[in-house]
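# Remarks on the overall topology
What follows is the residue order along each chain.
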Amino acid sequence: MSRLIVVSNRVPLPDKHGTAPTGGLAVALQAALNERGGIWLGWSGKSTRDDDPGPLQVIDKGNIQYLLTDLTERDLEEYYQGFANRVLWPICHYRLDLAEYARKEMAGYFRVNRFFAERLAPMLRPDDVLWIHDYHLIPLAAELRKLGIANRIGFFLHIPWPVPDVLFAMPVYETILKCLSSYDLIGFQTNNDRRNFADGLLRHAWATAKSDTEFEVDGRAFQARAFPIGIETSEFMSFARKAAGTGVARRMHQSLDGKKLILGVDRLDYSKGITQRIDAFEKFLTRHPDRERNVTFLQITPKSRSEVPEYEAMQRAVAEQAGRVNGAMGTIDWVPIRYVNRSLSRPALAGLYRMAKVALVTPLRDGMNLVAKEFVAAQTEEDPGVLVLSRFAGAAEELDAALLVNPYDVEGTAEAIRRGLDMALEERQERWRAMLGKLKSNDVFSWSHNFLTSLETQ
Ligand code: GDG
């Protein structure tokens, strides 16, 4: 079996006891790497003021070699904070209003990808299979090809791919499309994303299609297909069973004092629809004053990308909004919204999922959304909670037995909250079984297996 080479912006290292890190994606990729042996390369998370990031840090664990590189401060500013997070992320999430394109940053994005390619190329063997992850590294295959690397290279995009007219608003979109055509296989989260990609690509005379999934650019054939990412379903189910007994779960149970828990869990990001969700919860309370004091909405939102100004501003805005609703609707002994800006441990999170009657997963746009899948896996068959899910999350393609909502429709989401809280046991069980069936048949291990099999056999 050929070695596997994984490249992603960040590398989840096993902890000092050698245990694999938590999180489905990391677990699945570690498993694939363990089976075949290989390399996982990425940014160390550190930056240096020098122009030279210095030597690679090499960590050997069993038959996996982790290679970490520092980046210069300028690289980080242009590649990561700049083009990746202020152009590609907003464009792919349909936020043209937030995209700030600068030529300098685009050049930095390509420079860092070239740098990764130069570091990787000397270590490659002719039969290695390469799997590159996410929007930070779109040009990596093109840079490797320039260095003479002819290996099979696959790319998986974790975030959505926009419709052509949104993509075309990005000044360098043609270069980005051509870079993607240097891969052998491009994986998208959904068929919708794959179609958007094909629609954009085929508007150009230089691209042709042999089928819905097979394309040719400049004489080079490649495929683009949907591989919806899953979670480690059975592990998460047993994990959530045990998590019901954690300290956080017990404390939460006590403090709920019989109130029903409505839960939201999202990295702090404008794509997650947190402000619209708070509006919907407020609308629900206004419409159903009899529910006051019977429910608590807990929103867990660890900070992310605080160095990007939009994220800093959003953090203040959400905190103010939650405070305003609590001030207006709360009473001396009831706080409607509990807003937690810190990360919880994975067991604590699983315990809360299991306790919640309703989960609000209402992003304005999301590649997949693993929280939706984790929530479903954490429920008990005897009394499953209800998933309220945005139709703009990739997860909605598989989890169509959830209560699907349009997150921009605040009243519709408010009504779904009510429906979820009142739903009869039989309906909840029926919906839950349908969703769990999908999670079991497509977990994160079959996802990585399917992608790699396609990459090697196409
Ligand atoms: C990108 C795409 C796609 C959250 N809070 C805590 C915590 N989490 C964990 C969740 C979940 C993960 O973070 C979030 O995953 P999502 O899929 O919801 O979202 P992104 O971070 O935006 O991920 C997304 C994903 O890539 C995979 O392809 O689904 O669409 O945007 O696992 O559980 N974990 C802990 N404490 C927290 O407070 N421990």
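Residues numbered from 1 in each chain as written. Predicted model: local features only at pLDDT ≥ 70, side-chain atom pairs only at ≥ 80, totals over all residues. Heavy atoms only, no water.

## Here we look at helix α8 (residues 233-243)
At 3.6 residues per turn, the α-helix brings residues three or four places apart onto the same side. Among all positions of α8, only Thr233, Phe236, Met237, Ala240 and Ala243 are buried. One side of α8 holds all its buried residues, which, seen down the axis, span an arc of 130 degrees. Relative to its buried face, α8 has exposed residues pointing more than 90 degrees away, namely Arg241 and Lys242. Where the residues of α8 are buried, they touch α9 (247-256), α12 (346-355), α13 (370-377) and α15 (425-441). (Buried < 20%, exposed > 50% of the residue type's maximum accessible area, 1.4 Å probe, protein only. Helix = DSSP H or I, 4+ residues; strand = E, 2+ residues; numbered from the N terminus. Arc of directions from axis to C-beta. Contact = heavy atoms within 4.5 Å.)

## Here we look at the domain arrangement of the protein
Domain annotation of the protein identifies domain 1 (4-230 + 444-457) and domain 2 (233-441). Here the C-alpha centre of domain 2 lies 30 Å away from the C-alpha centre of domain 1. For the domain 1 and domain 2 pair, buried surface summed over both sides reaches about 1,900 Å², with 56% attributable to carbon and sulfur atoms. The tally of links between domain 1 and domain 2 comes to zero salt bridges. Taken together, domain 1 and domain 2 are joined by five residue pairs in polar contact (both at pLDDT 80 or more). Put simply, the parts of the chain that give the side of domain 1 that touches domain 2 at least two residues each are α2 (73-92), α7 (191-201) and α16 (444-457). A per-element tally of the side of domain 1 that touches domain 2 places α2 first, with seven residues. Here the side of domain 1 that touches domain 2 is built from residues that sort into 12 nonpolar, 13 polar and three charged. (Domains from an automatic or database assignment. Buried area = accessible area lost by both parts, 1.4 Å probe. Salt bridge = Lys/Arg side-chain N within 4 Å of Asp/Glu carboxyl O. Polar contact = N/O pair within 3.5 Å; in protein donor to acceptor, adjacent residues only side chain to side chain. Nonpolar A, V, L, I, M, F, W, Y, C, P; charged D, E, K, R; others polar.)

## Comments concerning the packing of aromatic side chains
Going through the model one piece at a time under the given rule, you end up with 26 aromatic pairs. Between phenylalanine 156 and phenylalanine 451, the ring centres sit 6.5 Å apart and the planes meet at 90 degrees, which makes this aromatic pair edge-to-face. With phenylalanine 156 in strand β6 (residues 152-156) and phenylalanine 451 in helix α16, this pair connects stretches of sequence that are 295 residues apart. Exposure remark for phenylalanine 451: the relative accessible area of 0% places this residue in the buried category. Between phenylalanine 188 and phenylalanine 197 the ring centres are 5.2 Å apart and the planes differ by 40 degrees, which places this aromatic pair in the tilted class. Grouping residues by exposure puts phenylalanine 188 and phenylalanine 197 together as buried. An aromatic cluster of at least three residues, connected via ring pairs, comprises Tyr79, Phe83, Tyr109, Phe110, Phe115 and Phe116. The side chain of arginine 10 reaches across the aromatic face of tryptophan 43, ending 5.1 Å from its centre. (Phe/Tyr/Trp six-rings, centres within 6.5 Å; stacked < 30°, edge-to-face > 60°. Lys NZ or Arg CZ within 6 Å of the ring centre and 35° of its normal.)

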